[in-house]
Amino acid sequence: MTNHEAMNLANQCAQAMFSRDAASQGMGMRLLSVAPGCARLGMSVRADMIQGHGTCHGGYLFALADSAFALACNSYNDATVALGCSIDYIAPAHLGDTLSADCREQSRSGRTGNYDVRIENQLGQLIALFHGKSYKVRGTVLAQENPNE
């Protein structure tokens, strides 16, 4: 597969998955870019995302990173799920911040892969670090055409 074909496949997979992802869309996430094994999402911190200490609830940060992870590990058109994830919160995100989650594949072999996500605010300040381990299941992301139809 050429680099152009791999980029096209990654884009098709991300578009298909994101179009079906009501949760991510409901949180206002935006697909910024995708490449094989990589994805970048954006999200603005809204008032309904603020917790009792006046900063963005960690669950929203986790969801942003998890969504970038999902798009990155499914970019090869192999249906892939999370086997495990962890997050370290480095600094708070505040109301009105524009966050970006940049996911990069670290390794992929057999059925498993390892991915790191870096969440930054609009000033480039590190907000959180996330690590996800993926597991390839049966099936594909994109619908297969039926030759009998």
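Residues numbered from 1 in each chain as written. Predicted model: local features only at pLDDT ≥ 70, side-chain atom pairs only at ≥ 80, totals over all residues. Heavy atoms only, no water.

The name recorded for the protein chain in an unreviewed UniProt entry is Hydroxyphenylacetyl-CoA thioesterase PaaI, from Pseudomonas yamanorum. UniProt annotates the protein chain under Sequence similarities (unreviewed entry) with the comment "Belongs to the thioesterase PaaI family." (UniProt positions renumbered as here; feature names shortened; annotations may be inferred.)

Student: I'd like a description of the nonpolar core, backed by residues and values.
Tutor: By size, the foremost hydrophobic cluster in this structure holds 32 residues, and its most contacted members are Met29, Leu64, Leu99, Val117 and Ile119. Contributions of two or more residues to this core are made by helix H1 (3-19), strand E2 (38-44), helix H3 (58-73), strand E4 (98-109), strand E5 (112-120) and strand E6 (126-136). Tallying contributions element by element places H3 first for this core, with nine residues. Beyond its immediate chain neighbours, meaning those up to four positions away, Met29 contacts Phe18, Ser24, Leu41, Gly42, Met43, Ala63, Leu64 and Ser67. (Core = buried A, V, L, I, M, F, W, Y, C linked by side-chain atoms within 4.5 Å. Buried < 20%, exposed > 50% of the residue type's maximum accessible area, 1.4 Å probe, protein only. Helix = DSSP H or I, 4+ residues; strand = E, 2+ residues; numbered from the N terminus. Contact = heavy atoms within 4.5 Å.)

Student: Describe the UniProt feature "domain: Thioesterase" (unreviewed entry) in the protein chain, listing the residues and the values that go with them.
Tutor: The sites that UniProt annotates as "domain: Thioesterase" (unreviewed entry) are residues 53-126. With 22% helix and 43% strand, the stretch residues 53-126 has end C-alpha atoms that lie 19 Å from each other.

Student: Give me the lowdown on the pairing of E5, citing residues and values where you can.
Tutor: A one-sided burial pattern is seen for E5, the buried positions being Gly113, Tyr115, Val117 and Ile119 and the unburied ones Thr112, Asn114, Asp116, Arg118 and Glu120. Sheet analysis places E4 next to E5, joined by nine bridges and oriented antiparallel. Bridging across to E5, Cys103 finds its partner in Val117. Remark: two residues form the turn of the hairpin made by E4 and E5, two consecutive strands paired antiparallel; Gly110 in that turn has positive phi of roughly 60°. Direction of pairing for E5 relative to E6: antiparallel, over a ladder of nine bridges. Bridging from a neighbouring strand, Val117 pairs with Phe130 of E6. Here E5 folds back onto E6, and the loop between the two strands holds five residues, one of which, Gly124, carries a positive phi near 80°. (Pairing = 2+ DSSP bridges.)

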